[in-house]
Structure formats: structure tokens, C-alpha cells
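# Descriptive structure summary
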Amino acid sequence: MLVNGLEIDTYVVGSVGTNCYVVRKEGSDKCVVIDPGASGSVIAKHVREKGATLEGILLTHGHFDHILGIPDLLSEMKAKIYALEEESEVLEDPNLNCTAMVGNGYGIKPDELMRDGITYNIADLDIKVIHTPGHTKGSCCFYIEDAKVLFCGDTLFMESIGRTDLPTGNYREIISSLREKILDLPGDVKAFSGHGPSTTIEYEVANNPYA
């Protein structure tokens, strides 16, 4: 899919149908992968077939279904792992990231801890990090403003929000994140969620019952 000069390829991976995104600027030979929850070798194959270099693995949060594809991906190509600094404890603790619950206890230490409100240039993309706690304490969204695209993980789904009953989840915080940090963005921003179809901010303002 091409969105305002941004090439976005979506893979639905793993046992709970997580959206993994391979993202690059149109015409660029560099890309990032967002939330490789499974099928790391398949994702690596896709990157190679595109003739692209993987410049970073970006994590919206640390749950098992967003990180378990990392070992296979990194066994085939090297890249830095990026996550919000507030999520480091969740990523490193198998009980908090719920990998222990699915029988694959696994912790991961990011190479780069990102900070809320900072714009990072990775793979020729200017990516602004927005801390959106609630699904987990360190959940975040990645906003590529010039393409009007938001990768929102499990904070926002079409007409819904992420669950808050897993470790470090908080219902009050996710509602605040949704209303004050996501739905304040321009209406024509296209939002790509961790599960399910993409949506727009305008649509969610009008149709999301939690708005």
C-alpha cells in the first residue's frame, strides 16, 4: 500500500493475528519493521525481495505477540531495536511481556530507548514518538507526519481500544491517551493498528465509543 509517498506492507502474523508492518519511503532502499510478532524469517525474506536494508525494528509495546518474531528476523539481518524507554521493564521481563504465559519465556533489551515527543530519523523517515500509556505503561505510537500516517499498536483499534487487564495496563490511562494524544491529530491521518483494519482519526472521532 502506498500512502502519501510511504510504502507500507502488512503481514498478519502469529496466533492472535498481529499486524507487522514493513515501512519505507517510496524509492528508498532502507526500511523499518514495526512489531514483528512472529514469522521473522518471512519478514526477512520480504525485505530482501524488496532490495531493502533493514535499518530498525520499532516496537509499539512489549507484548509477546509483537516481539516473538525478533530472534528469527535478527538471525537473518541485523538492525537496532527501538522502543520507548518506559517500556524497557516490560520488554525484559517474561512475566510482564506475557511470553511466559504462552510457553516461550523471552525477554529483550532494546538497543535504543526512545523518548516521548522526540522525532527520530530512521531509514530516511522522520518518526515522532508519542507515549500512549494504558495498554502497557510504555505503549507508544509512531507518527510520520509528512505522510499523515500513525502506527498506533494496541492503543487504538477501529471503533475500539486495546485491552487493559494485562500487566501494567490501565483503563484510565488508555482513555486519556486516546482522547488527548491520538484523536487530537488531524482528521486525515491514517492509523495502522496492531490488530484489525486501518482507520482514520476523523472516522474514530465520529465512531469510536471511547472517544
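Relevant structure appears above.
Read on for an overview of the structure. For clarity, every value in this text was computed on a predicted model and none was experimentally measured.

### Section: the overall build of the protein
In terms of regular secondary structure, the protein is built from six helices and 15 strands. Its C-alpha atoms give the protein a radius of gyration of 16 Å, within 12% of the compact-globule value 17 Å for 211 residues. By principal-axis analysis of the C-alpha atoms, the protein measures approximately 40 × 40 × 30 Å. Buried residues in the protein amount to 54% of all 211 residues.

### What about the sheet that holds strand β11 (residues 149–153)?
The strands making up a sheet are joined through hydrogen bonds of the backbone, oriented either antiparallel or parallel. Read from one edge to the other, the open sheet built from six strands follows the order β8-β9-β10-β11-β14-β15, with strand pairing classed as mixed. If you trace the sheet from one side to the other, it starts and ends with β8 (119–122) and β15 (199–200), each paired once. As defined by bridge partners, strand β10 (residues 140–144) adjoins β11 across three bridges and the pair is classed as antiparallel. Each bridged residue has a counterpart across the sheet, and for Phe142 the counterpart in β11 is Phe151.

### Quick word on the pattern of salt bridges
For the structure shown, the criterion picks out 10 salt bridges. Linking Lys80 and Glu112 is a salt bridge whose minimum nitrogen-to-oxygen distance equals 3.0 Å. Highlighted residues: Lys80 in strand β6 (residues 80–84) and Glu112 in strand β7 (residues 112–114), separated in sequence by 32 residues. Among the ionic pairs, Asp165 bridges to Arg163, the shortest N-O distance being 2.7 Å. When salt bridges with common partners are traced through the structure, they connect Glu7, Asp9, Arg24 and Lys50 into a single cluster.

### What about helix α1 (residues 40–49)?
Considered for burial, the residues of α1 that qualify are Gly40, Ile43, Ala44, His46 and Val47. Burial along α1 is one-sided: seen end-on, the buried residues are contained in an arc of 160°. Of the surrounding elements, those touching the buried residues of α1 are β2 (6–13), β3 (18–25), β4 (30–34), β5 (53–58) and α3 (70–76). Of the residues trailing α1, Gly51 is marked for its positive phi of about 70°.

Parameters and conventions
- Residues numbered from 1 in each chain as written.
- Predicted model: local features only at pLDDT ≥ 70, side-chain atom pairs only at ≥ 80, totals over all residues.
- Heavy atoms only, no water.
- Helix = DSSP H or I, 4+ residues; strand = E, 2+ residues; numbered from the N terminus.
- Rg over C-alpha atoms; globule rule 2.2 N^0.38 Å.
- Buried < 20%, exposed > 50% of the residue type's maximum accessible area, 1.4 Å probe, protein only.
- Pairing = 2+ DSSP bridges.
- Salt bridge = Lys/Arg side-chain N within 4 Å of Asp/Glu carboxyl O.
- Arc of directions from axis to C-beta.
- Contact = heavy atoms within 4.5 Å.

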